[in-house]
Amino acid sequence: MSRSTRRVALTPGYLLHHRPWRDTSRILDVLTREHGRLTLFARGVRGTRAKLAAELQPFQLLLLSCLLAAFYLNELLLKLTTRHDALPELFDHYHRTLEQLRGGARLEPALRVFEKRLLEVLGYGLDLASEARSGLPLEPDAYYDFHPGVGLLPARGGAARALCGRSLLSLARETLHGERELEDARRVLTAALGACLEGRPLATRLVAKAMKRGVSP
């Protein structure tokens, strides 16, 4: 494998995405702990004589039931990180999340915690302890609305459409359990990530929705 700008010594990395290049090669997007996201050229890895073809696969040890979730993590990284920006902490979060998925951890709590930590590493961490304008601590039994770029404010509508303070505090502690906590965490993180993505859709979300509806994506 080679890069056009500088050599990178052997370093741990995960394959995020690959695509064909010329006759027998592939362009790889990888996440490394020491150098961030890199683009590599793997030569001679396509075709019947390619010895490394079987090795250039993401999440080789993951069960099939976890693949869509793992590809979702990859898509977030591909769209929200920049090349050559070393983020060792993010690499560690990604590694631990994949290990959790391999070990049979519940998908939703693992994904929500990764999303929360991703936002923190990228500098868009959520204040899940206090109201945005007053600075008052969140109350477990109160309800809030999330406004991207502002934060959490007391809810104006009914409790059914608002975020429960107890859920937000559980997300802050990364101890999500019940359905309401998971759903509230999903909603606030989806809104926060949506602001970072600036309207760019996530293909894995579209696939997941199609699978729930029982139709082809």
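Residues numbered from 1 in each chain as written. Predicted model: local features only at pLDDT ≥ 70, side-chain atom pairs only at ≥ 80, totals over all residues. Heavy atoms only, no water.

(A) Just the packing of helix α2 (residues 88–102) against helix α3 (residues 107–121), in detail. Relative to each other, α2 and α3 sit at 175°, their axes nearing to 10 Å. Judged by the inter-axis angle, α2 sits roughly antiparallel to α3. Judged by residue contacts, Glu 89, Leu 90, His 93, Tyr 94, Arg 96, Thr 97, Gln 100 and Leu 101 of α2 engage Leu 107, Ala 110, Phe 114, Arg 117, Leu 118 and Val 121 from α3. Taken together, the residues of the contact of α2 with α3 break down into eight nonpolar, three polar and three charged. (Axes fitted to C-alpha atoms, helices over the stretch in contact; angles between N-to-C directions. Helix = DSSP H or I, 4+ residues; strand = E, 2+ residues; numbered from the N terminus. Parallel < 35°, antiparallel > 145°, perpendicular 65-115°, else oblique. Contact = heavy atoms within 4.5 Å. Nonpolar A, V, L, I, M, F, W, Y, C, P; charged D, E, K, R; others polar.)

(B) Spotlight on the pairing of strand β2 (residues 25–32). Counting buried residues along β2, seven of its eight residues qualify, which places the element largely inside the surrounding structure. With eight bridges joining them, strand β1 (residues 13–21) and β2 adopt antiparallel strand pairing. Bridged to His 18 within β2 is Leu 28. (Buried < 20%, exposed > 50% of the residue type's maximum accessible area, 1.4 Å probe, protein only. Pairing = 2+ DSSP bridges.)

(C) Fine view of the sheet that holds strand β6 (residues 163–164). Taken in spatial order, the three strands line up as β5-β4-β6 in an open sheet, and their pairing is antiparallel. Of all the strands in the sheet, the pair left with one neighbour each is β5 (151–154) and β6. As paired strands, strand β4 (residues 143–147) and β5 are joined by four bridges and run antiparallel to one another. When the bridges of β5 are listed, Phe 146 appears paired with Leu 152.

(D) Examining α3 more closely. Compared with an ideal rise of 1.5 Å per residue, which puts 15 residues at 21 Å, α3 spans 21 Å between its outermost C-alpha atoms and is within 8% of the ideal. If you check which residues of α3 are buried, you get Pro 109, Ala 110, Leu 111, Arg 112, Val 113, Phe 114, Glu 115, Lys 116, Leu 118 and Leu 119. (Expected span 1.5 Å × (residues − 1).)

(E) Fine view of the nonpolar core. Judged by nonpolar contacts, the single largest core of 41 residues is most densely connected at Leu 76, Leu 77, Tyr 94, Phe 114, Leu 118, Leu 152 and Leu 168. Put simply, the parts of the chain that give this core at least two residues each are β1, α1 (64–80), α2, α3, β4, α4 (165–173) and α5 (179–197). In this view, Leu 76 contacts Phe 114, Glu 115, Leu 118, Leu 193 and Leu 202; residues no more than four positions away in its chain are not counted. Of all hydrophobic cores here, the second largest spans five residues; its members include Leu 28, Val 30, Leu 38 and Leu 40. (Core = buried A, V, L, I, M, F, W, Y, C linked by side-chain atoms within 4.5 Å.)

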